[in-house]
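Understanding the architecture of this molecule
Here is what each chain is made of, one letter per residue.
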Amino acid sequence: MAAPMSADRFINALRNEGLTVVEVGAWRTHNRNHKGPWGPLHGVMIHHTVTRGTAYSVELCRDGHNALPGPLCHGVIGKDGRVHLVGYGRANHAGLGDPDVLAAVIAERRLPPDNEATTDGNRHFYGFECVNLGDGEDPWPPAQIDAIARAAAALCRVHRWTARSVIGHREWQPGKVDPRGFTMDSLRDRIAERLK
């Protein structure tokens, strides 16, 4: 269990992990905190955007759309590996998910299958949207995969979490497929190597 770090500590953690960070507008105060609490935090959730192009993806994730107001994550990771910060606080990214998965993340043990959607994930997870069509064919450049691992490792390092605190949206909420195109186990292996 962890209280959210300050926005300054968040951006410094990302930079200290060697990431190039782009600040988008007043990201530090752009959130959905009026809809409910943010925290305690238990992990990091990875998504794909189902969009093409960094500029459009960043705008969408910052502003959201009619059915789902932004921010839709905390950071958008482009194919070039840059991390665009679009919000900080409660964000509309995780939705309702499986309480057994949350318990496993908290205990840092192997995840069970996600078979229900009854627990508020927006409260408990940092979220990164990664620019990709999510069709299983759109490539994941090495710079982007490296940045995803670095971003997750940066937050794990601050909170003293292991790589088991990093999950994909598909591992949290039944019916979700993101991120598609690499395995979460391979990503967790990369994160674990960084945390050694």
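Being a predicted model, the structure only gives us computed values, none of them experimental. (Residues numbered from 1 in each chain as written. Predicted model: local features only at pLDDT ≥ 70, side-chain atom pairs only at ≥ 80, totals over all residues. Heavy atoms only, no water.)

**Section: the packing of helix α1 (residues 7–16) against helix α4 (residues 142–159)**
For any two helices packed against each other, the geometry comes down to the angle between their axes and how far apart the axes lie. α4 packs onto α1 with a crossing angle of 125 degrees between their chain directions and a minimal axis gap of 8 Å. The angle between α1 and α4 places the two elements in the oblique class. For the pair α1 and α4, the crossing hand works out as right-handed. Residues R9, F10, A13 and L14 of α1 pack against A151, A154, L155 and V158 of α4. Split into classes, the residues belonging to the contact of α1 with α4 amount to seven nonpolar, no polar and one charged. (Axes fitted to C-alpha atoms, helices over the stretch in contact; angles between N-to-C directions. Helix = DSSP H or I, 4+ residues; strand = E, 2+ residues; numbered from the N terminus. Parallel < 35°, antiparallel > 145°, perpendicular 65-115°, else oblique. Left-handed = near helix turned anticlockwise from the far one by under 90°. Contact = heavy atoms within 4.5 Å. Nonpolar A, V, L, I, M, F, W, Y, C, P; charged D, E, K, R; others polar.)

**Remarks on the sheet that holds strand β5 (residues 75–77)**
Pairing is mixed across the open sheet formed by six strands, whose spatial order is β1-β6-β5-β9-β2-β10. Strands at the two margins of the open sheet, each flanked by one partner only, are β1 (21–23) and β10 (166–168). Put simply, the sheet's adjacent strands are angled 25 degrees from each other on average, direction ignored. Here strand β2 (residues 43–48) runs beside β10; their pairing, made up of three bridges, is parallel. Residue pairing for β10: M45 is matched across the bridge by I167. Packed on one face of the sheet, helix α6 (residues 184–195) meets β2 and β10 and runs near 160 degrees to β10. (Pairing = 2+ DSSP bridges.)

**Side note on the packing of aromatic side chains**
Across all of its chains, the model carries nine aromatic pairs by this definition. Here F10 and Y88 contribute two aromatic rings whose centre-to-centre distance is 4.7 Å and whose plane-to-plane angle is 45 degrees, an arrangement assigned as tilted. One end of the pair, F10, is in helix α1; the other, Y88, is in the loop between β6 (83–85) and β7 (96–97), and 78 residues separate them in sequence. Exposure class is identical for F10 and Y88. Each is buried. Taken together, F10, W27, W38, Y88, Y126 and W161 form an aromatic cluster joined through their ring pairs. The ring centre of W140 lies 6.0 Å from the NZ or CZ of K79, which sits over that ring. (Phe/Tyr/Trp six-rings, centres within 6.5 Å; stacked < 30°, edge-to-face > 60°. Buried < 20%, exposed > 50% of the residue type's maximum accessible area, 1.4 Å probe, protein only. Lys NZ or Arg CZ within 6 Å of the ring centre and 35° of its normal.)

**Quick notes on the pairing of strand β9 (residues 125–130)**
By the criterion of burial, β9 is predominantly enclosed, with six of the six residues buried. Residues F125, G127 and E129 of β9 are buried on one face, and the alternating residues Y126, F128 and C130, pointing to the opposite face, are buried as well. The sheet contact formed by β2 and β9 spans six bridges and is parallel. Its bridge partner being in β9, H47 is matched across the sheet by E129. Here β5 pairs with β9 via three bridges, running parallel. Across the sheet, residue G75 finds its bridge partner in β9, namely F128.

**With respect to the pattern of salt bridges**
Counted by the stated rule, this structure contains 13 salt bridges. Each of D8, R15, E23 and R28 takes part in one network of salt bridges that share partners. (Salt bridge = Lys/Arg side-chain N within 4 Å of Asp/Glu carboxyl O.)

**Details of the nonpolar core**
Formed by 39 residues in total, the largest nonpolar core has its most connected members in F10, L14, V44, I46, Y126, F128 and I148. Contributions of two or more residues to this core are made by α1, β2, β6, β9, α4 and α6. Among the elements that take part in this core, α4 stands out by supplying ten residues, more than any other. If we ignore the near neighbours within four places in the chain, the residues touching I148 are I46, I77, C130, W140, F182 and L187. Among the nonpolar cores identified, the runner-up in size contains nine residues, and V58, C61, V76 and V86 belong to it. (Core = buried A, V, L, I, M, F, W, Y, C linked by side-chain atoms within 4.5 Å.)

**Description of the side chain of H93**
Tracing the chain through its elements places H93 in the loop between β6 and β7. Residue classification places H93 among the buried positions, given a relative accessible area of 5%. Within the structure, H93 has its side chain in polar contact with the backbone oxygen of F125 (distance 2.9 Å). In contact with H93, not counting residues within four places along its chain, are M45, H47, L72, C73, H74, N122, F125, Y126, G127 and H169. (Polar contact = N/O pair within 3.5 Å; in protein donor to acceptor, adjacent residues only side chain to side chain.)

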